[in-house]
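Observations on chain architecture
As a plain string of letters, each chain reads:
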Amino acid sequence: MTRRARPLPDHVRNETMSTAEALARGVDVDRLRRADVVHPFHGVVVTGGRPRSIVDRAWAYAQVMPASGWFSHSTSALLLCLPLSRSHEQGPLHVTVDRGSRAPRGAGVVGHQRELPSPSWSTHLMPTSARELVPLRVATPGAAALTTASLLSLPDLVALIDALRLVDESAVLQDIDRMLDHSARRAGAAALRRALALSEAGVRSRAETHLRLTLSAAGLPRACVAPAVATPLGELHPDLAWPEFGVLVEYEGEHHRTDARQFASDLGRFDAFADAGWYPVRATKDDVYSSSRRVVSTVARRLRGAGWRSRRPVRHLPTPIATP
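Residues numbered from 1 in each chain as written. Predicted model: local features only at pLDDT ≥ 70, side-chain atom pairs only at ≥ 80, totals over all residues. Heavy atoms only, no water.

Some details on unusual backbone geometry
- Omega for the bond connecting S118 with P119 falls within 30 degrees of zero, at 0°, which places this linkage in the cis form.
- The residue P119 is located in the loop between β5 (109–113) and β6 (121–127) in this model.
- In this structure, H73 is a non-glycine residue whose phi angle is positive, near 50°.
- With relative accessibility at 5%, the residue H73 sits in the buried group.
- Of note in the backbone geometry, A226 takes a positive phi value of approximately 50° without being a glycine.
- Secondary-structure assignment places A226 in the loop between β8 (224–225) and β9 (229–231). (Helix = DSSP H or I, 4+ residues; strand = E, 2+ residues; numbered from the N terminus. Buried < 20%, exposed > 50% of the residue type's maximum accessible area, 1.4 Å probe, protein only.)

Okay, here's the thing in structure tokens:
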């Protein structure tokens, strides 16, 4: 007959701690080997179930993170709620330490040594899946952009910078410039400079960034982001527009189609733009991530009809520039 494991003491239930702390709090080594105790990283004990969110995983590793360590690269981007492709969500945690310190190693963790200007990180109180606020050392916006740059395609890096600019544009751009001034020849710096040149303020989603870059890569003129447009409904801000030609594009994500209230609002906006004398074009997820031929052709036709002339033909990209 299999012996039932002794219940964990009340004072260590639903806890995340180092193995050393668990032992110091009176839990036997054998008890820590039972199936109801999770070890997401070497030297870490979780007694409340397997970590579910990126904050849960980061908090678990924080129990054994080096003293000079902080979360960087794609991990910092996820913790800061920046848009990344789904492939990064379950990837390893990235931890950076000061040059001269030993970079962490182990299953589920990628360690880096980096000398960046201080401050390169700050402490954030973040909610776990159990809604407990925990302190995590996370890269500043500039350090997050610089360290993540080497992991991302150019369109995804532009989307990340666009998202950062929504929070506090002036402070974010200053922080990125500060990191670039110090690391001009380091990994990711050249890509980050290219992405900055393509970035725009006011972009509200990763898909909108990818749509803008898709239209530009096809040879269409650079669009304005969210300009003010006077309509019968008042001042509205389309996702993309070419004011000199009276053409605009509205991106409609999945929720625009499935939410009845949002769908009705979209129809009202579309009619209002048309009533104000604009040529509105709808774009969907398929136009960005499956085939851009329809939206590129439609926008090009509307622009030409309004007087746009180009010496080069519009290009239809054989493959999407990014994945959802």
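A short note on the sheet that holds strand β13 (residues 279–284)
- Overall, mixed pairing links the four strands, which are arranged β8-β11-β12-β13 in an open sheet. Each edge of the sheet is formed by a strand with only one pairing partner; in this case those strands are β8 and β13.
- Here three bridges tie strand β11 (residues 240–242) to strand β12 (residues 247–252), and the two strands are oriented antiparallel to one another. If you follow A241 over to β12, its bridge partner there is L248.
- Of the strands in this sheet, β8, β11, β12 and β13 touch helix α7 (residues 206–217), which is tilted by about 140° from β12.
- Contacts from helix α11 (residues 293–305) reach β11, β12 and β13, with the element oriented near 170° to β13. (Pairing = 2+ DSSP bridges. Contact = heavy atoms within 4.5 Å. Axes fitted to C-alpha atoms, helices over the stretch in contact; angles between N-to-C directions.)

What to know about empty space enclosed by the protein
- Summed over all chains, the structure comprises one cavity of 30 Å³ or more.
- When its volume is computed, the largest cavity comes out at roughly 40 Å³.
- Around the largest cavity, the lining residues are G202, V203, R204, E208, T209, R212, V225, A226, D239 and L240.
- Here the residues of the lining of the largest cavity are counted per class, giving four nonpolar, two polar and four charged. (1 Å grid on protein atoms, 1.4 Å probe; cavity = no way out; pocket = protein on both sides within 12 Å on 5 of 7 lines; lining within 4 Å. Points joined across faces, edges and corners; volume = space filled by probe spheres on them. Nonpolar A, V, L, I, M, F, W, Y, C, P; charged D, E, K, R; others polar.)

Notes on the nonpolar core
- Formed by 48 residues in total, the largest nonpolar core has its most connected members in Y61, F71, L79, L136, L157, L160 and L192.
- Among the elements that line this core, the one with the most residues is helix α5 (residues 154–182), at ten residues.
- For L160, the contacting residues outside a window of four places in its chain are A77, L82, L84, A145, T148 and L152.
- With 26 residues, the next largest nonpolar core counts A218, V281, Y289 and V296 among its residues. (Core = buried A, V, L, I, M, F, W, Y, C linked by side-chain atoms within 4.5 Å.)

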